[in-house]
Amino acid sequence: MSAPQVSNSPVMQHPVLYGPQGGLDNTNTVFKNPPQQAPMRSSTTNSQNISRARSPSPAPIPSSTPAALPSRNPSPPTQPRAPPSPSANSSVAPPITLNKHSTHSTPLTSSTTSAPKKASKRRSLSIPASAVAQSLDRDLLTKEAFKYDPEFERAAQTWIEHVTKEPLPTGVSLPAALKDGSVLCKLLNAIRPNTVRKIHVGVKLAAFHRENIQNYFIGCRTLGMNVTSLFDENDLYENKNFNIVLINIQALAALVTKLFPTLPKMDIPRPNDCLSVAFKDGTSSKSKFEVTPEQQEQLTDLTAWTNSHLVECGLSGITDVTRELQSGVELIFLLERLTGQSLGIYSAEPETAWNKMQNIALVLKFVIEQSGMHPSELCSCTDLYIGKPQAIIKLLTTLRDKFDMACTLSKLPSAQRRPYIISEVVSTEQRYVTQLQRIEEGLITPAKSCAPQMMTKEELSGIFGNIDQIMVRHAAILRQLQQGYPPGDPQALLRIDTIVEVFTGMLPWTKHAYSSYILNYDNSIAITNTLKKNTSWQALLKRFEEAYGMDISSFLVAPVQRLPRYLLLLRELVSCTPKTDPEYQILQDLWTKSQAILQAVNESKRAVDNANKLLQIAKSITGDCEPFVSRNQHFIKEGFLEIADADDDMESSYFFLLADRLILTIYNSEAKNFDYREAFMLKDIELVEERDSEEDDYSVALSMAEFEMELLATNKAQRDSWFTAIDSAVEEAKKG
């Protein structure tokens, strides 16, 4: 970008950030009508430019990069291509005024003065301890990830089953099992008979379910529970905050232990008391957990196993898995190496605890989707972040046993290896077809029956693409596999003729079918986002997601993840076949052809990762944020940055940098989401400048036609990363 022209016009402060007229305002009044001479921003660059020269722009090094699908010997993630220019019709929503606009300094600068004065007092940037990894309120894994503890959930479920002497339904998440309130009412009656005299069981009307929950509240109060220990009805029924429900069950268990000591006691897990320590600087200097000799032996073995794969990825080995997996980056590399799949967009160089938790949540989400495990069967983001030995052992053991096929095969006799791989092909195909059938039966069929009241046929087709055709194809493949390898016939697993027939038959249509599905995926995400206010569709979606413990994106991404799995199984089948075997060349040819198809389809996978990320951001932002999910949009970077001299309302400011705009939000720790404040179009930013100070303050200053905004980073590395990302994005946006 060329140096801007000199102008004698003053630079105004942004009223949303600083208050009316940019002056001192401690009246706490609402600024409703900004001065006419100081519009919020100009859609075109005018003569009121900033007089300072711009710092040279280094090569772009954004911190959040798309994860490429690794080859047999993948290298660390390369820098992504610069984002494309925004669409021609991109625009920004009107600014939202705040309830308080007090400022702490005089106007930032004018063109006749020297560089603007830094804030005399800088608030420290704090990351909310209850922050939500990936900000997805509806994702059971990432929802309140800093608080969620699967051990706590398991303890609550075990206690309920012991008291009621009835097992909860298998294959159903605990929130779904408790949703209608009947189990909780039965629990009270098991504690003291006839506490709840009427329980609605087996009914589908929401009114009866909510009545059960209200009766549970009354029963808890009857037993003597304090009203502050109750949860809100929607915390359970709409699964808005299941952690509060778990706390209520813990309080009930404590009350029961006091009143009825003969009843089973709840084994309450020890809380994560070192989480606050970990958040002081974004790192955990040393694990504060005691490690038993047995755990140390397991950790040593798992460390050696982890290093064997990290070295293949071009990374240096690690010495302590309880400390050095904290960023999540090594885990992402490890999984991509094992599965041959991209996990999506992640922070390659996470700067804060927030970014590290995002990476960890991405890992756990992928493991759950691929393995079919429930979140309570694995571990929490928090436990991994703080280096809890049991959590590290559980996760790495799961990765080794479920994803490292070569490690599993090495433990088997040679004669059993090919049969094991073939049985794995059949079982994973069964799981894949089940996922597709759930989409058909739980979403597509009900939506069709309600069309066009719920949505149009075009919207339905846009969301699901050709997934119905893929399901029909794979249902036929599953039947063919089950006929060739019937259950209970180990001798059949010694033959590969059915495998050869299946893969030979798949090759002609796989590339077209899967490429079409993946190319439509970003359109699917965009349509899903536009239906956020469609109450009937959202109700159907909520029932579906609660029933299976995963959001719709986890199901829709299944076809994208299936092809790499085929390739991995074929590769291992080739490696277990002697080269002298006549079938070796047949399998080798199949693997080579499948690899070529995967590479062609994989070019579209990056668009899928980007679309997923945009949808996650859109879900997490509340307020009048103009829709930004589109085919031409790209995610670049996100994170906490403080705004110099801004009002206290802006303290938890969080930014999302996209291809055409910088979105300012405020993290809402109570609602677990981001409140929209403003969107700044990159083409309107006239100057991006780095600044340092003697007080070790590092900032990025953004100058626009009518005002300037200074963003404060916690350290120089974070500042440099944001400066590079914004500067490069602004240049690309102006080219458009």
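You'll find the structure just up there.
All of these numbers come straight from a predicted model, not from anything done at the bench.

Visitor: Hey, could you go over the pattern of salt bridges for me, with residue numbers and the actual values?
Guide: Opposite charge on two side chains allows them to pair when their charged atoms are near. One pass over the full model with this rule turns up 20 salt bridges. The salt bridge partner of R323 is D320, with a shortest N-O separation of 3.1 Å. R323 gets classed as partly exposed once you look at its relative accessible area, which sits at 35%. Between E424 and R565 there is a salt bridge whose closest N-O contact spans 2.9 Å. Placement of E424 in helix α16 (residues 414-449) and of R565 in helix α22 (residues 558-575) is noted, with a sequence separation of 141 residues between them.

Visitor: How would you explain the nonpolar core if you had to name every residue and give the values?
Guide: Ranked by internal contacts, the top residues of the largest apolar core, which has 132 residues, are L396, L399, F464, W537, I621, F628 and I663. Discounting chain neighbours no more than four positions away, the residues touching L396 are L302, W305, T306, V321, L325, L331 and L334.

Visitor: Could you give me a rundown of the state of the cysteines, with the residues and numbers involved?
Guide: Should the sulfur atoms of two cysteines be covalently bonded, the bond is a disulfide. Tallying each qualifying case throughout the model produces 0 disulfides. With no disulfide partner, C381 has as its closest neighbouring cysteine sulfur the one in C379, 8.1 Å distant. For C381, a relative accessible area of 2% translates into the label buried.

Visitor: Which residues make up the pairing of strand β10 (residues 673-681), and what values do they have?
Guide: Taking burial as the measure, the 9 residues of β10 include 9 buried ones, the bulk of the element. Where strand β5 (residues 621-622) and β10 come together, 2 bridges link them in parallel fashion. Directly across from T622, in β10, lies its bridge partner D675. One ladder, built from 8 bridges, connects strand β9 (residues 661-668) with β10; its direction is antiparallel. Looking across to β10, one finds that R661 is bridged to M681.

Visitor: Let's hear about the sheet that holds strand β13 (residues 708-713): which residues, and what values?
Guide: With respect to topology, 4 strands assemble into an open sheet ordered β7-β13-β12-β11, the strand pairing being antiparallel. Single-partner strands in this sheet number two, and they are β7 (642-643) and β11 (687-692). Packed onto the sheet, helix α25 (residues 716-735) meets β11, β12 (698-703) and β13 and runs at close to 170 degrees relative to β11.

Visitor: Tell me about the side chain of S380, and please be specific about residues and values.
Guide: Relative to the assigned elements, S380 resides in the loop between α12 (353-371) and α13 (381-385). There is a polar contact of 3.0 Å between the side chain of S380 and the backbone nitrogen of D383.

Visitor: Describe the sheet that holds strand β6 (residues 635-640), naming the residues involved and giving the relevant values.
Guide: As summarised here, the arrangement of the 5 strands in space is β5-β10-β9-β8-β6, forming an open sheet in which the pairing is mixed. Of all the strands in the sheet, the pair left with one neighbour each is β5 and β6. Contacts between α25 and the sheet are confined to β6, β8 (653-658) and β9, with β6 contributing the most and set at about 145 degrees to the helix.

Visitor: Quick one: what's the story with helix α4 (residues 182-191), residue by residue and with numbers?
Guide: Across the 10 residues that make up α4, a large majority, 8, are buried. Of the positions making up α4, those classed as buried are S182, V183, L184, C185, L187, L188, N189 and I191.

Visitor: Describe the pairing of β12, and please don't skip the residues or the numbers.
Guide: The side chains of a regular strand alternate between the sheet's two faces. Summarising burial for β12: 6 of the 6 residues are buried, a large majority. Residues Y698, V700 and L702 point to one face of β12 and S699, A701 and S703 to the other, with burial holding for every one of them. Strand direction decides the pairing type here: β11 and β12, joined by 6 bridges, are antiparallel. Bridge assignment links D692 to a residue of β12, and that residue is Y698. Where β12 lies against β13, 6 bridges are found, and the strand directions are antiparallel. Each bridged residue has a counterpart across the sheet, and for V700 the counterpart in β13 is L711. Linking two consecutive strands that pair antiparallel, namely β12 and β13, is a turn of 4 residues.

Thresholds, definitions, all that
Residues numbered from 1 in each chain as written. Predicted model: local features only at pLDDT ≥ 70, side-chain atom pairs only at ≥ 80, totals over all residues. Heavy atoms only, no water. Salt bridge = Lys/Arg side-chain N within 4 Å of Asp/Glu carboxyl O. Buried < 20%, exposed > 50% of the residue type's maximum accessible area, 1.4 Å probe, protein only. Helix = DSSP H or I, 4+ residues; strand = E, 2+ residues; numbered from the N terminus. Core = buried A, V, L, I, M, F, W, Y, C linked by side-chain atoms within 4.5 Å. Contact = heavy atoms within 4.5 Å. Disulfide = S-S within 2.5 Å. Pairing = 2+ DSSP bridges. Axes fitted to C-alpha atoms, helices over the stretch in contact; angles between N-to-C directions. Polar contact = N/O pair within 3.5 Å; in protein donor to acceptor, adjacent residues only side chain to side chain.

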